[in-house]
Amino acid sequence: MRRPGRRMGVSDVGTPLTPDFWRLFAVLLVISTGVTFVGSAVLDAPAVRLWLRQRCRQRGLPACLPCGQDT
């Protein structure tokens with residue numbers, strides 16, 4: 001049975017999301033995005049370098065030259 005003065009679907013268990021919550025959420029979101037971007041760039045560079053080195057070896061080029069350069 002429904003109590004008078006209460007809206008349907010609203011719970012007493014939940015807490016309201018305060019402006020402090022949203023501020024902290026935004027800060028943590030920006031930090032996590034930055035960490036993800038920097039981490040992927042740091043880990044991607046050695047992987048690309050290794051891939052290029054293997055590709056150059058297969059073509060018979062020196063490992064120090066990028067594959068597109070002819071000397």
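These notes cover the structure that comes with them.

**Some thoughts on the overall build of the protein**
Thought 1: Secondary structure assignment for the protein yields one helix and zero strands.
Thought 2: For the protein, buried positions account for 3% of its 71 residues.
Thought 3: Surface accessibility of the protein: about 6700 Å² in total, with carbon and sulfur atoms responsible for 66%.

**Let's talk about helix α1 (residues 19-59)**
Thought 1: Taking 1.5 Å per residue, 41 residues should reach 60 Å; α1 reaches 59 Å between its end C-alpha atoms and fits that length.
Thought 2: Once α1 finishes, Gly-60 follows within two positions and takes phi at roughly 80°, a positive value.

**Observations regarding the packing of aromatic side chains**
Thought 1: Scanning the model with the defined rule gives three aromatic pairs in all.
Thought 2: Ring geometry for Phe-21 and Trp-22: centres 5.1 Å apart, planes at 75°, overall edge-to-face.
Thought 3: The class for Trp-22 is partly exposed, based on a relative accessible area of 45%.
Thought 4: Look at Phe-21 and Phe-25: their rings are 6.2 Å apart centre to centre, the planes differ by 20°, and that puts the pair in the stacked class.

**With respect to the pattern of salt bridges**
Thought 1: If you walk through the whole model with that rule in mind, you get one salt bridge.
Thought 2: Measuring nitrogen to oxygen at the nearest pair gives 2.7 Å for the salt bridge that ties Asp-20 to Arg-23. Of this pair, Asp-20 and Arg-23 both sit in helix α1, three residues apart, which is roughly one turn of that helix. Taken individually, Asp-20 and Arg-23 each receive the classification exposed, so the pair is uniform in this respect.

Cut-offs used in this document
Residues numbered from 1 in each chain as written. Predicted model: local features only at pLDDT ≥ 70, side-chain atom pairs only at ≥ 80, totals over all residues. Heavy atoms only, no water. Helix = DSSP H or I, 4+ residues; strand = E, 2+ residues; numbered from the N terminus. Buried < 20%, exposed > 50% of the residue type's maximum accessible area, 1.4 Å probe, protein only. Areas by Shrake-Rupley, 256 points an atom, 1.4 Å probe, with all protein chains shown as cover. Expected span 1.5 Å × (residues − 1). Phe/Tyr/Trp six-rings, centres within 6.5 Å; stacked < 30°, edge-to-face > 60°. Salt bridge = Lys/Arg side-chain N within 4 Å of Asp/Glu carboxyl O.

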